[in-house]
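Geometric and topological summary
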Amino acid sequence: YSSNDLTHEEFMDYHFGRCGTSYDLYNRLNPDPSPTRENIAKLAKQLDRKVLESDVYCYSSRKSKDLSASGREIGRKLAHTVIAGVAPKFMIVYGAKPEKAFWKELQKSGAVIEKTEALSEQNVTAFRLKLDRARLNANFSGSFDTLVLFIPSLSLPQWNKWKWEAPAVFTRVEDLLQTID
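About the criteria used
Residues numbered from 1 in each chain as written. Predicted model: local features only at pLDDT ≥ 70, side-chain atom pairs only at ≥ 80, totals over all residues. Heavy atoms only, no water. Pairing = 2+ DSSP bridges. Helix = DSSP H or I, 4+ residues; strand = E, 2+ residues; numbered from the N terminus. Axes fitted to C-alpha atoms, helices over the stretch in contact; angles between N-to-C directions. Patch = residues over 30% accessible without salt bridge, like charges linked within 9 Å, V, L, I, M, F, W, Y side chains within 5 Å. Areas by Shrake-Rupley, 256 points an atom, 1.4 Å probe, with all protein chains shown as cover. Salt bridge = Lys/Arg side-chain N within 4 Å of Asp/Glu carboxyl O. Lys, Arg positive; Asp, Glu negative; His and termini not counted. Charge placed at Lys NZ, Arg CZ, Asp CG, Glu CD. Buried < 20%, exposed > 50% of the residue type's maximum accessible area, 1.4 Å probe, protein only. Phe/Tyr/Trp six-rings, centres within 6.5 Å; stacked < 30°, edge-to-face > 60°. Lys NZ or Arg CZ within 6 Å of the ring centre and 35° of its normal. Parallel < 35°, antiparallel > 145°, perpendicular 65-115°, else oblique. Left-handed = near helix turned anticlockwise from the far one by under 90°. Contact = heavy atoms within 4.5 Å.

As for the sheet that holds strand S3 (residues 124-132)
The strands that make up a sheet pair up through hydrogen bonds in the backbone, lying either parallel or antiparallel. On the basis of which strands lie adjacent, the open sheet formed by four strands has the order S1-S4-S3-S2 and mixed pairing. This sheet does not close on itself; its edge strands, each paired only once, are strand S1 (90-94) and strand S2 (112-121). When strand polarity is set aside, the average angle formed by the axes of neighbouring strands in this sheet is 20 degrees.

And the structure:
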């Protein structure tokens, strides 16, 4: 977006929740959401839960292949800080490449204390993990349990290969999340 679309103060206000959320900002600047954003919204609506969206690498680039080595490192640190700080009860990773990157970065961090496969069905794989918060970010201590679910991509063109199965997959994810409440 153009820097003429909002002031720096507005930008900071959105990111710190003083006049809405970053999601509200995205919707303001992108009135026609991408198909991926619409699919994420469908999943979140079905789950009826607040969702914090992120990438494996929290660093902006148009495509993951465009991410520089320094951007990848900064993005990895940001993602690990968010995970360590929030200690989410669950994480949903969509797409094959993000799944590989997720495991690669967790392995590199040494944060996985325990890993148990919870489910492996067509289009849904789930693991229960115990993660060491300090290995993700030294500012945190202790550990936490999380359920990590892997589903196919919500982005085009991969979405088109399995979209007719999405309602069943989203329902399966919803069912699995009931096990952590």
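Brief notes about a positive patch on the surface
A surface patch of like charges, here positive, comprises Arg 62, Lys 63, Lys 65, Lys 97 and Lys 100. Residue position: Lys 97 is located in helix H5 (residues 96-109). The class of Lys 97 is exposed, set by a relative accessible area of 69%.

A word on the packing of aromatic side chains
The final tally for this structure, using the stated rule, is seven aromatic pairs. Ring geometry for Phe 102 against Trp 103: centres 5.5 Å apart, planes inclined by 75 degrees, an arrangement best described as edge-to-face. Members of the aromatic cluster, joined through ring pairs, are Phe 102, Trp 103, Phe 127 and Phe 150. Sitting over the ring of Tyr 57, Arg 72 keeps its end group 4.8 Å from the ring centre.

Description of the packing of helix H3 (residues 35-47) against helix H8 (residues 166-178)
Between H3 and H8, the least distance of the axes is 9 Å, while the angle of their chain directions is 45 degrees. Taken together, H3 and H8 sit at an angle that is classed as oblique. Helix-helix and strand crossings are classified by hand; for H3 and H8 the assignment is right-handed. In this structure, H3 contributes Asn 39, Lys 42, Leu 43, Gln 46 and Leu 47 to the contact, and H8 contributes Pro 167, Phe 170, Thr 171, Val 173, Glu 174 and Leu 177.

Here's the deal with the environment of Glu 174
With respect to the helices, strands and loops of the structure, Glu 174 is situated in helix H8. C-alpha separation for the pair Glu 174 and Arg 72, spaced 102 residues apart in sequence, amounts to 31 Å. Apart from residues no more than four positions distant in its own chain, Glu 174 is found in contact with Gln 46 and Leu 47.

Overview of the pattern of salt bridges
Applying the stated criterion across every chain, the model contains seven salt bridges. One salt bridge in this structure joins Lys 108 and Glu 105, with 3.5 Å as the shortest N-O distance. Taken together, the residues Lys 108 and Glu 105, both in helix H5 and three residues apart, mark about one turn of the helix. Across the pair Lys 130 and Asp 145 runs a salt bridge whose closest N-O atoms are separated by 3.1 Å. Here the residue Lys 130 occupies a position in strand S3, and Asp 145 occupies one in strand S4 (residues 143-151), the gap between them amounting to 15 residues. On the basis of relative accessibility, which here comes to 23%, the residue Lys 130 falls in the partly exposed class.

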